[in-house]
Amino acid sequence: MSATTNYINELKKMGDFLTLSRANEWHLDDSEFMLANGTQVNVHDTGVIEFQPQVHSSKDIVLSSAIHGNETAPIEICDQLIKQVLLGQLQLAQRVLFIFGNPQSINIGKRFVTENLNRLFNGHHSVDGIAMNDERRRAKKLEDYVSDFFTRGGANRARCHYDLHTAIRGSKNDKFAVYPFLHGKPWKKSQLQFLLSCGVNTVLMMKSAATTFSYYSSFVHDADSFTVELGQVKPFGENDMSRFAKTRDTLTALISQKEVSYKEFNANDFELFAVHRSINRTAQNFSFPFSDDAENFTGFSKGELLATDGETCYYADVEGEAIIFPNADVALGQRALLTVIPLQLTDNII
Ligand SMILES: O=C(O)CCC(=O)N[C@@H](CCC(=O)O)C(=O)O
Ligand SMILES: [Zn+2]
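Bear in mind that the values here come from a model prediction, so they are computed numbers and not experimental data.

Let us now look at the UniProt feature "active site" (unreviewed entry) in the chain. Taking the numbering used here, the UniProt-annotated feature "active site" (unreviewed entry) corresponds to Glu 229. Positionally, Glu 229 belongs in strand E9 (residues 224-232). A relative accessible area of 5% places Glu 229 in the buried class. Other than its neighbours up to four places away in sequence, Glu 229 contacts His 165, Thr 166, Ala 167, Asp 174, Lys 175, Phe 176 and Phe 325.

Given below as structure tokens:
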């Protein structure tokens, strides 16, 4: 029996695509098969599995996790959903592409192996003069799988991509989403309603292009795409999965129902923030004046020190400027801190 036939039989029996992906860190031969309920399954690579239901569908949905390998809660959520589909316990109504981004980084329990995968999308994987590595090759492949998935779905279908993460630090607003820069296109209430149903009431609106997976799908494929932060990083086995029940139930409904109705849009249900600025680390001696347990969304008074990058000191220039994703250990040239300020809804929302 070939290795591929072997893994197909095992998948049909156990539904454990996560273990299969972790056992094949950077490559898995592709394969296709059909479930008893008529769902077409395509394994494109390690960590990349597509489901197409027999019924007519209207949405092409990408659910990614493990773009950072130590962010385990989203991996567990997706693992459960994939198992339910493979074992015929969940009947899909929509096309879905699940992605475990970086199986080797899951195995080593780290954010990445050589380089942060989420800084390599939108073409940043291939830059003249910079040597390729496993994460760069993986970023390119993931772009291609997403591109192929949306292209085969065809035009005039709803496209969405939820890239699921957890944050390194605790957050005053435990769950939040990053809405990639839309280049002037309007934000969508329907997407905020979906996020709220997931238990995410806090959204940061980016104001510039990025190298992230969610920005790639949004910019290149016009998908409704978000980075979704589902609480704080924990090792496998330490996540209280009851904290993710709303997210799991909403994702289940999204992929298994023809249409899902959400609570009517009410701006008061949300806390929206505009990204005020992004501070990059450019010097070896980069530091924050606050402790490692300072939470995301902690606000600073105007004039307070936010970060020191070599000779440059950054001070809050707006009252209440709040910190997001502070990380002094990033590679030189990369984002070490985002700051945000509250955003009042404008009319650029439909
Ligand atoms: O908590 C942190 O410092 C990082 C959590 C994380 O991985 N966040 C994403 C956000 C991506 C985006 O800006 O859309 C990342 O840093 O890649
Ligand atoms: Zn992450």
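What follows continues from the structure just given.
In this structure, His 68 (ND1), Glu 71 (OE), Glu 71 (OE) and His 165 (ND1) serve as the protein donors to the zinc ion (ligand 2), at separations of 2.0 to 2.3 Å. Mapping the donors of the zinc ion (ligand 2) onto the primary sequence gives the spacing H-x2-E-x93-H. Within this pair, whereas His 68 is found in the loop between strand E4 (59-65) and helix H3 (72-86), its partner His 165 is found in strand E6 (residues 158-167), the two being separated by 97 residues in sequence. Owing to a relative accessible area of 2%, His 68 belongs among the buried residues under this scheme.

This paragraph deals with the packing of helix H5 (residues 134-153) against helix H7 (residues 213-221). Where H5 contacts H7, the two axes come as close as 11 Å, and the packing angle between them is 40°. When the interaxial angle is binned, H5 and H7 end up oblique. Helix-helix and strand crossings are classified by hand; for H5 and H7 the assignment is right-handed. Along its contact with H5, which presents Leu 142, Glu 143, Val 146, Ser 147 and Phe 150, the element H7 presents Phe 213, Tyr 216, Ser 217 and His 221. By residue class, the composition of the contact of H5 with H7 is five nonpolar, three polar and one charged.

What follows covers the pattern of salt bridges. Evaluation of the coordinates by the stated rule reveals 22 salt bridges. For Lys 59, the salt bridge is made with Glu 259, and the minimal N-O distance between the two is 3.8 Å. Of the two residues, Lys 59 sits in strand E4 while Glu 259 sits in the loop between helix H8 (245-256) and strand E10 (271-280), which places them 200 residues apart along the sequence. Judged by its relative accessible area of 12%, Lys 59 is buried. A residue is classified by how much of its surface remains accessible, and Glu 259, at 57% relative accessible area, is exposed. With its nearest N and O atoms 3.3 Å apart, the salt bridge here joins Lys 83 to Asp 79. Here Lys 83 pairs with Asp 79, and both are found in helix H3, just four residues apart, close to one helical turn. Because the salt bridges share partners, they merge into one network encompassing Glu 50, Asp 60, Arg 95, Asp 148, Arg 152 and Arg 157.

A few words now on the packing of aromatic side chains. As enumerated under the stated definition, the model contains 16 aromatic pairs in all. Ring centres of Tyr 162 and Phe 226 lie 6.2 Å apart, and the angle between their planes is 15°; on these two criteria the pair is classed as stacked. In this pair, Tyr 162 is assigned in strand E6 and Phe 226 in strand E9, connecting sequence segments 64 residues apart. Each member of the pair Tyr 162 and Phe 226 is classed as buried. Ring geometry for Tyr 179 against Phe 226: centres 4.3 Å apart, planes inclined by 55°, an arrangement best described as tilted. Of this pair, Tyr 179 sits in strand E7 (residues 175-179) while Phe 226 sits in strand E9, and the two are 47 residues apart along the sequence.

The subject of this paragraph is the confidence of the model for the chain. In the predicted model, the chain carries a mean pLDDT of 97, and the fraction of residues at 70 or more is 100%. Here the prediction assigns the complex a pTM of 0.98, and the interface score ipTM is 0.98.

Another point: the nonpolar core. In terms of nonpolar packing, the biggest core is built from 58 residues, with Phe 17, Leu 86 and Phe 98 touching the most fellow members. Broken down by element, the residue count for this core peaks at eight residues, all from H3. If we skip the residues at most four places from it in the chain, Phe 17 touches Leu 11, Leu 28, Val 43, Asp 45, Thr 46, Gly 47, Val 48, Ile 49, Ile 82, Leu 86 and Phe 100.

Moving on: the side chain of Asp 79. Judged by its relative accessible area of 14%, Asp 79 is buried. If sequence neighbours within four positions are ignored, Asp 79 has contacts with Asp 16, Leu 18 and Phe 100.

Calculation rules
Residues numbered from 1 in each chain as written. Chains lettered and ligands numbered in written order. Predicted model: local features only at pLDDT ≥ 70, side-chain atom pairs only at ≥ 80, totals over all residues. Heavy atoms only, no water. UniProt positions renumbered as here; feature names shortened; annotations may be inferred. Helix = DSSP H or I, 4+ residues; strand = E, 2+ residues; numbered from the N terminus. Buried < 20%, exposed > 50% of the residue type's maximum accessible area, 1.4 Å probe, protein only. Contact = heavy atoms within 4.5 Å. Donors = N, O, S within 2.8 Å, 3.2 Å for Na, K, Ca; no water. Axes fitted to C-alpha atoms, helices over the stretch in contact; angles between N-to-C directions. Parallel < 35°, antiparallel > 145°, perpendicular 65-115°, else oblique. Left-handed = near helix turned anticlockwise from the far one by under 90°. Nonpolar A, V, L, I, M, F, W, Y, C, P; charged D, E, K, R; others polar. Salt bridge = Lys/Arg side-chain N within 4 Å of Asp/Glu carboxyl O. Phe/Tyr/Trp six-rings, centres within 6.5 Å; stacked < 30°, edge-to-face > 60°. pLDDT = per-residue confidence, 0-100. Core = buried A, V, L, I, M, F, W, Y, C linked by side-chain atoms within 4.5 Å.

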